[in-house]
Amino acid sequence: MGEASTTVLGLAEQISQKTAGFIHSKKHTDLLDIVDALRSNGVSHYVDLPQIIVCGSQSSGKSSTLESLSGIEFPTAEGLCTRFATELILRRSEKSEIKVQIQPSASRTEEQRVKLLKFHEKESEQKNFAKIIEAAKVELGLTGTGPEAKVFSTDVLRIESTSSTAPNLTLVDLPGLFSASDKNQSDDDVKLVQDLVVGYMKQKRSIILAVVAADSAFANQPVTKFAREIDPSGTRTLGLITKPDKIDRGSDTERYYIELAQNENVKLSLGWHVLRNKSHATADDTTKQREEREAAFFSDSDWKQALKPEQLGVANLRERLRDVLWKQINESLPAVKYDVQMGLKDCTAKLHQLGKARSTNREKHTYLHKISSRASTMVKAAIDGVYADPFFVSFPGQQDAFERRLRANIQKTLTDYADKMVLHGHALEIVEDDDKPTRHSSSKFMMRCDYLEVVRELMVECRGRELPGTFNPLVVGDLFSRQCKPWEHITQNLAEQVHEAAAITFNKILSEICDDNTRTRLMKGLIQPSLHKLRKDLKEKLDELLEPHLSIHPITYNDYLTEAVQKIQGDRHDRAFDALSLEGCGYTSESPRTSKDVSLATLLHTLRLLKDGTRPNVEEYSVSLAADVAAAYYQVALKKFIDDVSVNAVEACLIQNLPRVFCPDVAWELTDEQVELLGSEDDRTVKDRAELQKKKAILGQALSDLDAFTARSGTRG
């Protein structure tokens, strides 16, 4: 193990003697050992592990608290103290040794990481904790001066102390929170420290020891504010009041903090504790002297009268933390194992996306072929509406499930298109004279009486060799071509919608089966050009389907035409007949039977009205028939056109061709230049694969360790 494993009895034995009574139970030890093993293997980078974090404002007494708990002398001063997170791992082992290393933050370059990871070799000879802290500052570049000097670091100093009598415990000392900058720390440092502390607090299995100094106004100490925001129920927050000896006995300030300790102000489920730390004058006290001074202070104070004995002193604090940590580990270990399993599953899926490392043309070609096979299969399932693949899974609140299920998307798009054609496909709404329009704009509708005048004028313009009282069939063609003008715009817009839906589905499928770099290259270099061609083919087909309706005289052999004309005219005749009857005698054909007699005079009047009102007018009838035939033909043509667009254009020209856009045949026919362009991996992909492989190895070992622990202890995994 080199210099890092050099046995340093002094500090290790000092730690063990001061904290050996912290945890005794073999069961406790086994649980803490497995957590320490996971942490030492780097699992905490990916899964939250149980630990105790000591948080508070600068000079709140948190480092002194950590010293009281661990027996290690953390540096204390009236100002800037802890400049980075220090993880202190106390582990029980047959060998007595200290290992010191720095865990570089994610923002470090690879060169910086390599340099910092060597720190353990240089620091193996440190004889006390203060010197280790100073040496770490040098390595982390925190020893400069001036406004540009670096003051805080997001790197982590990890100190692992083992001996045969050491407790198993993890403690984390974090930089103190502050709000005002000075010559030693800037406004940027305020945010850096806050983000660091809050980040540790947000780790859901961290026990927050929130340190509050009694000699400072509570409102000026933000630690409990952050703790309550992150842990609103207080289930993993223990409040700690320090420096009770620094305030006047019987003062309002003492009464305020006693009330706080009684959990009557800021309520925490874990409650509050009070600790008297060393002062500057008693800094050289031994552990025994420190505890004697603390006991003497509490024995003759209002704190003792107001609080339970277990809320006072370092010995009771150790017991409380031990119980809380034990409970946290015992309850969360199954969840830790689950998180490890989910992390492994995620790693495996992402590595499958990235594929194997590929440097040769053959490796790149093989990778593209695998993607093409999977993509073609998934696209085929998407257009067939077979949603068995996990890619198509839909759950409440999912935003993109519909976009993945292409068949459902296309069905809805075509249904909306049909509805839009029915409602807005005709240029004018022809409103029966006894009815009301559904369109609001006067330019979008015309009453039938006015429309017949337009038809009459058109019949004059289209006059051919037809006999008087009849009309040229081409009049129907002209009327129809005027009405179907909106079809082109609505239908071309449909082509854009279908193309967009297909592109989105392809993009999501590729996101599922390959890395972002390959997805981007495939979409830009192959998928989108192919989809653009299909869209062009679709639009050409739509123009082909639309052309006869715009330029050729109406042709149909559908019996619906005559049925529609009959219905239009029959309904109009029935309405006119009932109106005349109502005017003549007060009854219609739909009126209920009544015993009331109708006089002969009334009957004769009604018959005259009906005779005059239904007398045929050949010229008027010819105009009306032309308008009715045009309206009926529009309905016949509309239904056929909607079906032709859906089947012969959208389906045949685009949807059914999608599985062939990027299928194995296409992949094998790629040129070497295309393979290089589409299959090469960028630096980000290489880095991501390396990180995922590292994560998978760490989590894989963690799962093995947890399985072994479960089998050994019989604990439910």
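Positioned with a positive phi, K243 is a non-glycine residue whose angle comes to about 60°. Relative to the assigned elements, K243 resides in the loop between β7 (237-242) and α9 (252-261). Residue classification places K243 among the buried residues on the basis of a relative accessible area of 16%.

All right, on to the pattern of salt bridges then. Pairing is possible between side chains of opposite charge, provided their charged atoms come close. Applying the stated criterion across every chain, the model contains 39 salt bridges. For the salt bridge of E229 with K225, the shortest nitrogen-to-oxygen distance reads 2.8 Å. Here E229 pairs with K225, and both are found in helix α8 (residues 223-230), just four residues apart, close to one helical turn. For K225, a relative accessible area of 42% puts it in the partly exposed group. Across the salt bridge formed by R249 and D302, the nearest N and O atoms sit 3.7 Å from each other. Note that R249 is positioned in the loop between β7 and α9 and D302 in helix α11 (residues 302-306), a separation of 53 residues in sequence. Note on R249: relative accessible area 49%, which makes it partly exposed. Through salt bridges with shared partners, a single network forms among D400, E403, R404, K508 and E512.

Under the criterion given, the structure shown has 10 aromatic pairs. Relative to F392, the ring of F391 lies with its centre 5.0 Å away and its plane at 80°, an arrangement referred to as edge-to-face. Comparing F391 with F392, the two get one shared label, buried. Summarising the aromatic geometry, the rings of W487 and Y634 are spaced 5.6 Å apart at their centres and angled 50° between planes, so their arrangement reads as tilted. On the criterion of sequence distance, the pair formed by W487 in helix α18 (residues 486-513) and Y634 in helix α22 (residues 618-654) is long-range, its members being 147 residues apart. Of the two residues, W487 and Y634, neither departs from the other in class, the shared state being buried.

Another point: a negative patch on the surface. On the surface, E488, E540, D543 and E547 cluster together into a negatively charged patch. For the negative patch, the leading source of residues is helix α19 (residues 516-551), giving three residues.

All right, on to the packing of helix α20 (residues 560-585) against helix α21 (residues 600-613) then. Running from amino to carboxyl end, α20 crosses α21 at an angle of 150°, the nearest separation of the two axes being 8 Å. Between α20 and α21, the angle is such that the two are roughly antiparallel. Considering only the axes of α20 and α21, their crossing is right-handed. For the pair α20 and α21, the contacting residues are F577, L580, S581, E583, G584 and C585 in the first and T602, H605, T606, L609, L610 and G613 in the second. When its residues are assigned to classes, the contact of α20 with α21 shows five nonpolar, six polar and one charged.

In the predicted model, the chain carries a mean pLDDT of 81, and 87% of its residues have values of at least 70. Segment residues 1-24 is flagged for pLDDT under 50; beyond a separation of four residues in sequence, or across chains, it makes 67 contacts in the model. Confidence drops under pLDDT 50 across residues 121-126; counting only partners more than four residues distant or on other chains, this segment forms 12 contacts.

Parameters and conventions
- Each chain carries its own residue numbering, running from 1 in the direction its sequence is written.
- At least 70 in pLDDT is required for a residue's local features to be given in this predicted model, at least 80 for side-chain atom pairs to be given and counted, and no such filter applies to totals for whole chains, interfaces and linings, which use all residues.
- Each side-chain value is worked out from all heavy atoms of the structure, with water and hydrogens disregarded.
- Numbering goes from the N terminus for both helices and strands, where a helix is a DSSP run of H or I of at least four residues and a strand is a run of E of at least two.
- Remark: exposure states derive from per-residue accessible area (1.4 Å probe, protein chains only) relative to the maximum for the residue type, with buried under 20%, exposed over 50%, and partly exposed in between.
- The salt bridge criterion pairs a side-chain nitrogen of Lys or Arg with a carboxyl oxygen of Asp or Glu, the two atoms within 4 Å.
- Stacked, edge-to-face and tilted are the three classes for Phe, Tyr and Trp ring pairs, Trp counted by its six-membered ring, which pair at centre distances within 6.5 Å; planes under 30 degrees apart are stacked, over 60 edge-to-face, the rest tilted.
- Each patch is built from salt-bridge-free residues with over 30% relative accessible area, joining like charges within 9 Å and nonpolar side chains (Val, Leu, Ile, Met, Phe, Trp, Tyr) within 5 Å.
- Using a 1.4 Å probe, accessible areas were evaluated by the Shrake-Rupley method; residue-level cover was limited to the displayed protein chains.
- Note that His is not counted, nor are the chain ends; the positive residues are Lys and Arg, and the negative ones are Asp and Glu.
- Just so you know, the charge point we use is NZ for Lys, CZ for Arg, CG for Asp and CD for Glu.
- In this description, a line fitted to the C-alpha atoms serves as the axis of each element, helices being fitted only across the stretch in contact, and the angle between N-to-C directions of two axes falls anywhere from 0 to 180 degrees.
- Angle categories: roughly parallel below 35 degrees, roughly antiparallel above 145, roughly perpendicular from 65 to 115, and oblique for all the rest.
- The crossing is said to be left-handed when, going from far helix to near helix, the turn is anticlockwise and less than a right angle, and right-handed when the turn is clockwise.
- In this description, contact between two residues means that some pair of their heavy atoms is separated by no more than 4.5 Å.
- The residue classification treats Ala, Val, Leu, Ile, Met, Phe, Trp, Tyr, Cys and Pro as nonpolar and Asp, Glu, Lys and Arg as charged. All others, Gly included, are polar.
- One confidence number per residue, pLDDT, is output by the predictor and ranges from 0 to 100.

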